[in-house]
Amino acid sequence: MVEEHHRLLYVAMTRAEDRLIVCGAQPKGEAPPGSWYAMIEQGLMQSDAGLQQLGEGDEAVLRFMVSAPSSIENEASRLEAEAKPLAVPDWLAKRVIREAEPLPPLKPSSALTAADGEERPGDGPFLAEAAAAGRLAHLLLQVLPGVPETRRLVAAEALAEARGGALRPERRTTIVADAVRLLGAPALAGLFAPDALAEVPVAGSIRMPDGEWRAVSGRIDRMAVTADAVIVADFKTTARPPREVDAIPVTTVAQLAAYAALMREIYPGRTVRALAIYTASLTCFELDAGRLDQALAALGAGERGSTTEGSFRP
């Protein structure tokens, strides 16, 4: 214990770069024997320079000095003593006018309303199975692109067996087949290339249709960037996925519209493709530019209609 006590004292003293200030509670006027204070005081008093008392009474301090205080220190003390109070400027007492706070970042996943808000009521008792199927499909779409095409089916079946225990065997088989089919689609080769990105956090500003700039932050499920194009895809979990692009909820379109607008700002001059992939059926819908522009306009109009005191409430 004593050795550790001394070691900690050594560590504390050797960390000081310019000055070492030692203080301690002394209820009886003297530091307890063996305390750090007493050990330091005794050691410095036995040095050649010793300790010098500066000040008197409660202001007195013991100072270890190997040389007299420099003239710079004396001059600084004199100037401090002679310093006159600064004049208080008039503006210091004036009331500060509150500036308008910028709108919080727009989160595409909550655009207009929750991204799946219109889909959930129809899910009913099938939601639990849809969620389990969605998790498995999402996992396959995330892992399989890094597996050689000749081994994807075997790898997919192994993943489904290990992670899809909550699903019926025939449902797992269907999900595996649909996932392998989707990854092999020529139109999606870039999105599921080995160098594509998954779970990509993004942030930036987009220009709304009314000309106002708006901060955006979110996370893209899968994204690919090539020399002339950017592909963004959002995975959706619902028990009753749409069968055609016109049936995709406006909330989902608005979410992808915000992502697409952000990608156009980050990668100017490149074509941006926005895809909605439904994990229940592993179907992929590509949204055209006109549909995305309409959703972005609706998003801006909805924002203006639901903004109070500078806060955006989707």
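Our subject is the structure that appears above.
What you see is a predicted model, and the numbers here were worked out from it, not measured in a lab.

Caption draft 1: Molecular detail of the overall build of the protein chain. Tallying secondary structure elements over the protein chain gives eight helices and nine strands in all. Looking at the protein chain residue by residue over its 314 residues, the buried ones come to 32%. At a minimum sequence separation of 6, the contacts of the protein chain that also span at least 24 residues come to 66%. Within the structure as shown, the protein chain displays about 19,900 Å² of accessible surface, and the carbon and sulfur contribution to it stands at 55%.

Caption draft 2: A nonpolar patch on the surface, seen in detail. Judged by side-chain polarity, Met13, Leu20 and Val22 come together as a nonpolar surface patch covering roughly 210 Å² of accessible area. Assignment of secondary structure puts Met13 in helix 1 (residues 2-14).

Caption draft 3: Local environment of unusual backbone geometry. A positive phi angle, near 50°, is found at Glu199, a position not held by glycine. Looking at the element boundaries, Glu199 is found in strand 3 (residues 197-207). Exposure remark for Glu199: the relative accessible area of 27% places this residue in the partly exposed category. The backbone of Leu282 sits at a positive phi, close to 50°, despite the residue not being glycine. Considering the arrangement of structural elements, one finds Leu282 in the loop between strand 6 (271-278) and strand 7 (283-287).

Caption draft 4: Geometry of the packing of aromatic side chains. Taken as a whole and assessed by the stated rule, the structure comprises one aromatic pair. Here Tyr278 and Phe285 contribute two aromatic rings whose centre-to-centre distance is 6.1 Å and whose plane-to-plane angle is 75°, an arrangement assigned as edge-to-face. For the pair shown, Tyr278 and Phe285 are each scored as buried.

Caption draft 5: Spatial organisation of the pairing of strand 1 (residues 51-54). Bridging between strand 1 and strand 2 (residues 61-64) involves four bridges; their strand directions are antiparallel. Its bridge partner being in strand 2, Leu54 is matched across the sheet by Val61. In sequence, strand 1 turns back onto strand 2 through a hairpin of six residues, with Gly55 there showing a positive phi of about 85°.

Caption draft 6: Seen up close, the sheet that holds strand 4 (residues 213-225). What the five strands build is an open sheet, ordered 3-4-5-6-7; its pairing is mixed. The outermost strands of the open sheet, each flanked by one partner alone, are strand 3 and strand 7. Strand-to-strand twist of the sheet, defined as the mean angle between neighbouring strand axes without regard to direction, takes the value 40°. For strand 6 and strand 7, the ladder comprises five bridges, and the chain directions are antiparallel.

Caption draft 7: Molecular detail of the environment of Leu183. If you trace the backbone, Leu183 turns up in helix 6 (residues 169-183). As a C-alpha pair, Leu183 and Glu149 span 34 residues in sequence and 9.1 Å in three-dimensional space.

Caption draft 8: Examining the packing of helix 4 (residues 127-143) against helix 6 more closely. Where helix 4 meets helix 6, the axes come as close as 10 Å, and the angle between the chain directions of the two elements is 40°. Helix 4 and helix 6 meet at a crossing whose hand is right-handed. Every residue of helix 6 that contacts helix 4 at Glu129, Ala133, Leu136, Ala137, Leu140 and Leu141 is listed here: Arg171, Arg172, Ile175, Val176, Ala179, Leu182 and Leu183.

Caption draft 9: Here's a closer look at the layout of surface pockets. Its volume calculated, the largest pocket comes out at about 930 Å³. For the largest pocket, the lining is made up of 21 residues, of which Leu20, Ile21, Leu62, Arg63 and Phe64 are closest to its centre. For the lining of the largest pocket, the secondary-structure elements that each account for two or more residues are helix 2 (36-45), strand 1 and strand 2.

Caption draft 10: Structural detail: the pattern of salt bridges. With the rule as written, the count across this model stands at ten salt bridges. Here Glu4 and Arg7 are joined by a salt bridge, their closest N and O atoms 2.9 Å apart. Within this pair, Glu4 and its partner Arg7 are both found in helix 1, separated by three residues, close to a single helical turn. Judged by its relative accessible area of 37%, Glu4 falls in the partly exposed class.

Caption draft 11: Up close: the environment of Tyr10. On the secondary structure map, Tyr10 appears in helix 1. Residue classification places Tyr10 among the exposed positions, given a relative accessible area of 57%. Between the C-alpha atoms of Tyr10 and Trp36, which are 26 residues apart in sequence, the distance is 9.9 Å.

Caption draft 12: Structural view of the packing of helix 4 against helix 5 (residues 152-163). At a minimum axis separation of 10 Å, helix 4 and helix 5 run at an interaxial angle of 145°. You can see that helix 4 and helix 5 cross each other, and the crossing is right-handed. On the side of helix 4, the interface is formed by Leu136, Leu139, Leu140 and Val143, while helix 5 contributes Ala156, Leu159, Ala160 and Arg163.

What counts, and where the lines are drawn
Residues numbered from 1 in each chain as written. Predicted model: local features only at pLDDT ≥ 70, side-chain atom pairs only at ≥ 80, totals over all residues. Heavy atoms only, no water. Helix = DSSP H or I, 4+ residues; strand = E, 2+ residues; numbered from the N terminus. Buried < 20%, exposed > 50% of the residue type's maximum accessible area, 1.4 Å probe, protein only. Contact = heavy atoms within 4.5 Å. Areas by Shrake-Rupley, 256 points an atom, 1.4 Å probe, with all protein chains shown as cover. Patch = residues over 30% accessible without salt bridge, like charges linked within 9 Å, V, L, I, M, F, W, Y side chains within 5 Å. Salt bridge = Lys/Arg side-chain N within 4 Å of Asp/Glu carboxyl O. Phe/Tyr/Trp six-rings, centres within 6.5 Å; stacked < 30°, edge-to-face > 60°. Pairing = 2+ DSSP bridges. Axes fitted to C-alpha atoms, helices over the stretch in contact; angles between N-to-C directions. Left-handed = near helix turned anticlockwise from the far one by under 90°. 1 Å grid on protein atoms, 1.4 Å probe; cavity = no way out; pocket = protein on both sides within 12 Å on 5 of 7 lines; lining within 4 Å. Points joined across faces, edges and corners; volume = space filled by probe spheres on them.

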